[in-house]
Amino acid sequence: MDIKLLQDAAEKIRNAARVVAFTGAGVSAESGIPPFRGPNGLWTKYDAHTLDINYFNRHPDEAWKTIKEIFYENFRKAKPNDAHIALAEMESRGYLQSLITQNIDNLHQKAGSLIVVEYHGNSQRLICRSCNGHFPISESLIQNMPPTCPSCGEILKPDFIFFGEPIPIKAHQFALKETMAADVWLVIGTTGEVFPAASLPFEAKYKGKTIIEINIQPSNYTYQITDIFLQGPASQITRELLKEIHKHG
Ligand code: APR
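**Quick notes on the site of the ligand**
Near the ligand, the surroundings consist of 22 residues, among which Ala25, Phe36, Arg37, Thr190 and Asn215 are the closest. Arg37 is positioned such that a nitrogen or oxygen atom in its side chain is 2.7 Å from an oxygen atom of the ligand. If the ligand stood free it would expose 740 Å²; the protein chains cover 93% of that surface. More than half of the atoms of the ligand fall within 2 Å of the grid points belonging to the largest pocket. Considered class by class, the residues forming the shell around the ligand number 10 nonpolar, 10 polar and 2 charged. The two domains that each donate at least three residues to the shell around the ligand are domain 1 (1-33 + 79-120 + 167-249) and domain 2 (34-77 + 123-160).

What follows is the structure, encoded as structure tokens:
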């Protein structure tokens, strides 16, 4: 890692009145949750249509089998890694004001981040689209497939956004507000290929905000809007960045 880039990034963050982190699957890769795209991505093993809302509505039994395997068996034991922890510490020390995540794994929240906007929802809750009940995930709830609403018996759906579903309105409004309010966008571990989430850093850049990006490889943003590109694994870079911010903090 080029120390000068790290120092520049740390200085921008220290001098900003408001910093927002915008995270994607790359942040959780080191917790053992594979990203969606790329050579070892989820979509090399599973068909993305499983997470299409029309498929789910038509074939809930089939869809739930795969959803259970991916989200409630394979990733059940995933723990926050150093990147989640460093981001939570940045917030508690006042260097970061909010975090917008596309991840549905709840790991930022587990690490202690408080202001977390779940742009794509959260896998750790199930919702009933009939009576609007929300239920924290539990063994008993997913024992029988497909899981049904304890109140009204309707088939439950994970409380995350499927392909074809709109972004939760409050999350979208908050994110748009941050494109105006935050001076620095810290974009970590996302390809910038899935819209509308992907458009947020572009919006911020058009409004004159600084884009600092952390990724193991260039993304859609890197050569278009990124001001400072810190190449490397999210855990290592966020740790080093926090240390650098502290030095002069
Ligand atoms: N550290 C930093 N970045 C990493 C790491 C790591 N250890 N490992 C992978 N990456 C980067 C990859 O280089 C890639 O740019 O993380 C990114 C992961 O990209 P995607 O799998 O496309 O994930 P994301 O951008 O979050 O996907 C967006 O797509 O399917 C939907 O709803 C789903 O929220 C998801 C959305």
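Picking up where we left off.
**Comments concerning the packing of aromatic side chains**
Throughout the structure, instances matching the rule amount to 9 aromatic pairs. Ring geometry for Phe160 and Phe162: centres 5.2 Å apart, planes at 15°, overall stacked. In this pair, the class of Phe160 matches that of Phe162, namely buried. Measuring from ring centre to ring centre gives 5.2 Å for Phe202 and Tyr221, while their planes differ by 50°; the resulting arrangement is tilted. With Phe202 in helix α9 (residues 199-206) and Tyr221 in the loop between β8 (210-215) and β9 (228-231), this residue pair connects regions lying 19 residues apart in the sequence.

**Regarding the sheet that holds strand β5 (residues 134-136)**
Hydrogen bonds between backbone atoms are what pair the strands of a sheet, whose relative direction is either parallel or antiparallel. With antiparallel pairing, 3 strands are arranged side by side in an open sheet as β5-β4-β6. The open sheet has two edge strands with one neighbour each: β5 and β6 (157-160). For this sheet, the mean angle separating the axes of adjacent strands, direction not counted, is 50°. Along the sheet, helix α5 (residues 60-74) contacts β4 (121-127) and β6; its crossing angle with β6, the most-contacted strand, is approximately 50°.

**Overview of α9**
Of the residues making up α9, those classed as buried are Leu200, Pro201, Phe202 and Ala204. On the buried face of α9, the contacting elements are β1 (19-23), α8 (169-181), β7 (184-188) and β8. Phi turns positive one or two residues past the end of α9, at Gly208, with a value near 85°.

**Some words on the domain arrangement of the chain**
Under the domain assignment, the chain is made up of domain 1 (1-33 + 79-120 + 167-249) and domain 2 (34-77 + 123-160). Distance between the C-alpha centres of domain 1 and domain 2: 27 Å. Every contact between the two is made by 13 residues of domain 1 and, on the other side, 11 residues of domain 2. Buried area between domain 1 and domain 2, both sides added, is near 980 Å², and the carbon and sulfur share of it is 58%.

Conventions adopted
Residues numbered from 1 in each chain as written. Predicted model: local features only at pLDDT ≥ 70, side-chain atom pairs only at ≥ 80, totals over all residues. Heavy atoms only, no water. Near = heavy atom within 4 Å. Polar contact = N/O pair within 3.5 Å; in protein donor to acceptor, adjacent residues only side chain to side chain. Areas by Shrake-Rupley, 256 points an atom, 1.4 Å probe, with all protein chains shown as cover. 1 Å grid on protein atoms, 1.4 Å probe; cavity = no way out; pocket = protein on both sides within 12 Å on 5 of 7 lines; lining within 4 Å. Sits in = over half its atoms within 2 Å of the grid points. Nonpolar A, V, L, I, M, F, W, Y, C, P; charged D, E, K, R; others polar. Domains from an automatic or database assignment. Phe/Tyr/Trp six-rings, centres within 6.5 Å; stacked < 30°, edge-to-face > 60°. Buried < 20%, exposed > 50% of the residue type's maximum accessible area, 1.4 Å probe, protein only. Helix = DSSP H or I, 4+ residues; strand = E, 2+ residues; numbered from the N terminus. Pairing = 2+ DSSP bridges. Axes fitted to C-alpha atoms, helices over the stretch in contact; angles between N-to-C directions. Contact = heavy atoms within 4.5 Å. Buried area = accessible area lost by both parts, 1.4 Å probe.

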